[in-house]
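Listed below, chain by chain, are the residues.
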Amino acid sequence: MSEPQPQKGQPGLVQAALLGLCPECGAKTLFAGPARFAPRCDNCGLDYSAFNVGDGPAAFLTMGLGAIVIVLAVLLELAAHPPFWVHALIWVPLTCLLVVLSLRVSKGALLIAEHRNRAVEGILADKGDGS
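Keep in mind the model is a prediction, meaning the values are calculated, not measured. (Residues numbered from 1 in each chain as written. Predicted model: local features only at pLDDT ≥ 70, side-chain atom pairs only at ≥ 80, totals over all residues. Heavy atoms only, no water.)

Draft legend 1. Fine view of the overall build of the protein. From N to C terminus, the protein includes 3 helices and 0 strands. Helices and strands appear in the protein in the N-to-C order α-α-α. Looking at the protein alone, contacts between residues at least 24 apart form 54% of all its contacts between residues at least 6 apart. Split by element, the accessible area of the protein, about 8600 Å² in all, is 67% carbon and sulfur. (Helix = DSSP H or I, 4+ residues; strand = E, 2+ residues; numbered from the N terminus. Contact = heavy atoms within 4.5 Å. Areas by Shrake-Rupley, 256 points an atom, 1.4 Å probe, with all protein chains shown as cover.)

The structure is reproduced here in C-alpha cells:
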C-alpha cells in the first residue's frame, strides 16, 4: 500500500509541518500560537478541529528531549564543573525552546498526515467490507 501523495498545489509534509502551512491550500494558517492549532484555515476554510492529534507527541518529545538535555548537562558538568546557575541559565530555556519547536513540527506533521489519509474525528471511512 503506497503512502498518499500531496495533490498539486499542496505543500509536502516536511515543508508544511516546519512552516505551519495548511495541508489543503498551503497558506501559513495552521497555528494560532506557538504550538496551538488555529480553529480553521482563513484562506480555504479547512476545519482543523476535525482532526485529533492528541497529546502523544507531547509526552514522547518531552521524554526524548529531556534525556538528550540531561546527557548534555552531565557532560558539561563533568567537563567544566560550572556553578548551578550556569546550568539553569543554559538548560531551562533550551529545553523549553526545543519542546515547543518540536511540538509544533510534530503536531503539524500528524495533522497533515491525518488530512492526507482522510482520517477525521467522528467519521468512519468506508472500508469496503459493508460495515
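Draft legend 2. Focus on helix α2 (residues 56-80). If you check α2, its first and last C-alpha atoms are 36 Å apart, about what 25 residues at 1.5 Å a residue would give, namely 36 Å. For α2, every residue scored as buried is listed here: Pro57, Leu61, Leu65, Val69 and Ala73. Looking one or two residues past α2, histidine 81 carries a phi angle of roughly 50°, positive in sign. (Expected span 1.5 Å × (residues − 1). Buried < 20%, exposed > 50% of the residue type's maximum accessible area, 1.4 Å probe, protein only.)

Draft legend 3. Main features of the nonpolar core. Grouped together as the largest cluster of nonpolar side chains are 16 residues, with contacts concentrated most on Leu30, Phe37, Cys41, Leu46, Tyr48 and Leu111. Going through the elements one at a time, α1 (13-19) and α3 (84-116) are the ones with two or more residues in this core. With residues up to four places along the chain from it excluded, the contact list for leucine 111 reads Pro23, Leu30, Phe37, Tyr48, Phe51 and Val53. (Core = buried A, V, L, I, M, F, W, Y, C linked by side-chain atoms within 4.5 Å.)

Draft legend 4. Region of interest: the side chain of histidine 115. Structurally, the position occupied by histidine 115 is in helix α3. Among the polar contacts listed, one links the side chain of histidine 115 to the side chain of glutamate 24, at a separation of 2.7 Å. (Polar contact = N/O pair within 3.5 Å; in protein donor to acceptor, adjacent residues only side chain to side chain.)

Draft legend 5. Fine view of the environment of phenylalanine 51. As for its position among the elements, phenylalanine 51 is in the loop between α1 and α2. The exposure class of phenylalanine 51 is buried, given its relative accessible area of 10%. The spacing of phenylalanine 51 and histidine 115 is 64 residues in sequence and 7.6 Å in space, taken between C-alpha atoms.

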